[in-house]
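Now for the letters of each chain:
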Amino acid sequence: MSLRKPALFFSLPLLCLATACANARSRVHLGSPPRPVGALVLAPDRGFLGNEELRDALAPLSRKVPLEMVFVTDARARETLGEALQRLRTRGVGRIVALPAFLFSADPRFRLACRLLAEARTRTPTPIETAAVFGRSSFALEVLAAELRGLPGSRDIVLVGYGASGSFPREEMEGELLATARRAADGTSHELKGAVVWPDIFDRRAGEASRSASQRLSELLKEAPRPAVLAFHLGPKLDGMMAFDRVLRRNLPRGVELVETPHLAPAVALWAEREIRRRTPLRATAIGVVLLAHGGDYHWNEAVRRAVAPLQDRYLVEFAFSMADPDVVERAVRRLENRGAEAVVVVRAYALRSSFREAVESMIGSLREGEAAPRHHGAHRHGHGTRRILSPLPMVTVGGLEDDPLFAEALWERVREISTDPPRETLILTAHGAGEDRRNEHWLEVLRSLARQIAEKAEKTHRPFRHIHVATWREDWPEKRTEWVRRIRRLVEEAAGQGGRAIVLPARVAGEGPERRYLEGLSYELGSGFAPHPLFVRWVEKQIRRGIEKLRNEAASDSSCALVPGEKSASRTREENP
């Protein structure tokens with residue numbers, strides 16, 4: 001920006017003020033680009049081929065963000081780490097995210113890395129935060145789960161890991177491996193017989209420990225009538241011949257199948273990119289939204305599409321009409337990836353918050369270590385399994401209408417459209433319902449809350465309804481449905497007595513339920529669900545904003561590097577015995 005030569009009558013103060021304002025505008029316009037986030041990948045040293053596989057997998061990410069890799073060996077890794085941090089600082093990063101590409105938090109090399117990072121923090125002004133170990137992520141879990149799902153029939157599985165140093169870390173690592181495998185095996189018919197973690201070959205006691213591991217593996221296999229050994233590790237791979245899996249094969253009895261997990265390096269790369277994205281400021285225009293709703297015929301689906309059309313100018317929106325089918329949700333996620341989304345909010349537009357919540361959380365990798373495995377929606381079982389969508393985009397899920405005030409307001413407006421004489425009218429709120437009695441009672445509580453909100457609005461008009469009732473159809477459970485259809489028919493008949501009439505209002509995302517079929521032959525007025533309605537758009541956007549807030553809050557540092565029992569001794573052992 002250039003300033004025109006000021007007129008002679010400009011006073012010096014005014015000229016200075018004008019110049020200062022112009023300079024300020026120039027600074028605001030040009031701005032200072034935010035300093036980038038640097039990635040520091042910490043990985044166990046696997047030898048040439050294993051390390052190169054990880055380098056190759058991370059190459060695309062290294063072209064997007066400043067990235068350095070440290071292959072952890074022993075005390076010599078201190079110098080390697082210092083050099084990597086210096087290179088990141090030279091590249092002008094504002095903060096550094098340490099990404100531990102280890103499978104187990106009890107891995108002695110990971111504990112050594114934590115100790116060296118703690119030392120480095122005292123010597124560098126650049127903030128360093130640490131993500132959770134890769135093995136705790138949905139990416140590692142899905143690699144293991146995919147191999148388990150691929151095994152035919154029902155098998156007796158023995159898990160094998162790598163990298164122990166001393167008995168205490170071995171026991172911890174075996175516990176972590178079994179815990180991960182239990183989550184991965186959810187939905188399969190396999191039985192987990194146990195886990196064996198092989199010793200680090202660089203440990204001075206590796207010979208004795210290897211014989212012990214081989215013996216424990218043999219004992220577990222003797223108890224397995226349909227055995228299969230699943231190798232889940234980041235062990236040595238110096239070249240195609242000198243690899244831990246070949247050592248393992250030599251220790252297996254004849255006829256025992258060995259299942260390898262060859263896809264760990266690509267999964268590490270996806271995980272690393274997601275962790276960096278989680279810690280990078282979000283652009284509002286790059287928020288991807290997956291609207292997940294039950295779906296119906298063409299007209300039902302189009303009604304919902306049209307309802308949220310105003311949001312498509314502000315967000316990248318894709319639809320996934322289904323009962324949380326992984327193929328349908330993944331299609332929407334891939335489309336958002338191609339459209340340039342930087343993060344994804346999956347909005348579950350179902351009646352209840354619990355509907356498909358855990359299945360979606362598992363699918364997008366929101367469930368954390370120690371949380372429950374996904375459960376199916378009520379008594380519905382659609383064979384989804386627990387397949388996870390592996391994407392570098394951070395993803396969260398929100399939703400469930402429940403008794404949201406916007407939903408209640410929309411239902412009230414639906415009633416007003418068809419109500420003519422409230423004191424003579426009986427309003428009957430209906431919903432899908434559930435087979436399980438406790439879950440169905442929750443549906444009824446939600447309907448009662450909606451009914452109270454509608455009654456309060458009616459009171460303000462000084463023309464309250466004669467009665468307001470709530471009921472569920474329990475439509476997918478014939479043994480429960482018959483009684484409820486009878487109840488609702490009775491309510492409609494009673495409402496028509498003494499010159500009154502019934503208004504049946506479906507508390508649904510869109511359209512109607514089975515009212516016309518179940519109430520055939522009776523006289524009543526029928527309303528419709530939430531969408532399309534201007535308040536439905538407001539509800540969806542409220543969920544999107546909640547999701548964005550969740551995305552921002554999920555970027556907190558992990559405590560994986562917190563000192564745990566045995567860390568100091570394990571780290572010291574590796575340093576003293578390089």
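So, here's what we can say about the structure. On a predicted model such as this, the values are computed, not experimentally measured, just so you know.

1. Digging into the side chain of T426
- Mapped onto the elements, T426 comes out in strand β13 (residues 425-431).
- Residue class for T426 comes out buried when judged on its relative accessible area of 2%.
- What T426 contacts, discounting residues up to four positions off in sequence, is R466, H467, H469, A495, R501, A502 and I503.

2. What to know about the pattern of salt bridges
- Counting across every chain of the model gives 48 salt bridges.
- K237 is the salt-bridge partner of E53, the closest N and O atoms lying 2.8 Å from each other. Placement of E53 in helix α2 (residues 48-62) and of K237 in the loop between β7 (227-231) and α8 (244-250) is noted, with a sequence separation of 184 residues between them.
- E525 is the partner of R501 in a salt bridge, and the nearest nitrogen-oxygen pair spans 3.3 Å. On the criterion of sequence distance, the pair formed by R501 in strand β15 (residues 501-506) and E525 in strand β16 (residues 525-526) is long-range, its members being 24 residues apart.
- Overall, R501 belongs to the partly exposed group, its relative accessible area being 22%.
- What makes E525 partly exposed here is its relative accessible area of 32%.
- Here the salt bridges share partners, and the residues they tie into one network are R95, E129, R274, E275, R278 and R279.

3. Details of the side chain of E318
- Of note, E318 is situated in strand β10 (residues 316-319).
- Reaching out from E318, the side chain makes a polar contact with the side chain of R339 at a distance of 2.9 Å.
- Once residues lying within four places of it in the same chain are set aside, the contact partners of E318 are V289, V290, L291, A332, R335, L336 and R339.

4. Section: the packing of helix α13 (residues 405-418) against helix α17 (residues 534-553)
- The contact between α13 and α17 brings their axes to 9 Å, and the two run at 175°. With respect to their mutual orientation, α13 and α17 come out roughly antiparallel. Residues L406, E409, A410 and E413 of α13 form the contact with α17, whose participating residues are L535, R538, W539 and K542.
- Counted by class, the contact of α13 with α17 contains four nonpolar, no polar and four charged residues.

5. Structural notes on the sheet that holds strand β12 (residues 395-399)
- The four strands lie next to each other as β10-β9-β11-β12, forming an open sheet whose pairing is parallel. The two strands at the open ends of the sheet, each matched to only one other strand, are β10 and β12. Taken over all neighbouring pairs, the strand axes of this sheet differ in orientation by 25° on average, direction set aside.
- Looking at chain direction, strand β11 (residues 343-349) and β12 are connected through five bridges and run parallel. Within β12, the position partnered with V346 by the bridge is T397.

Rules of the game
- Residues numbered from 1 in each chain as written.
- Predicted model: local features only at pLDDT ≥ 70, side-chain atom pairs only at ≥ 80, totals over all residues.
- Heavy atoms only, no water.
- Helix = DSSP H or I, 4+ residues; strand = E, 2+ residues; numbered from the N terminus.
- Buried < 20%, exposed > 50% of the residue type's maximum accessible area, 1.4 Å probe, protein only.
- Contact = heavy atoms within 4.5 Å.
- Salt bridge = Lys/Arg side-chain N within 4 Å of Asp/Glu carboxyl O.
- Polar contact = N/O pair within 3.5 Å; in protein donor to acceptor, adjacent residues only side chain to side chain.
- Axes fitted to C-alpha atoms, helices over the stretch in contact; angles between N-to-C directions.
- Parallel < 35°, antiparallel > 145°, perpendicular 65-115°, else oblique.
- Nonpolar A, V, L, I, M, F, W, Y, C, P; charged D, E, K, R; others polar.
- Pairing = 2+ DSSP bridges.

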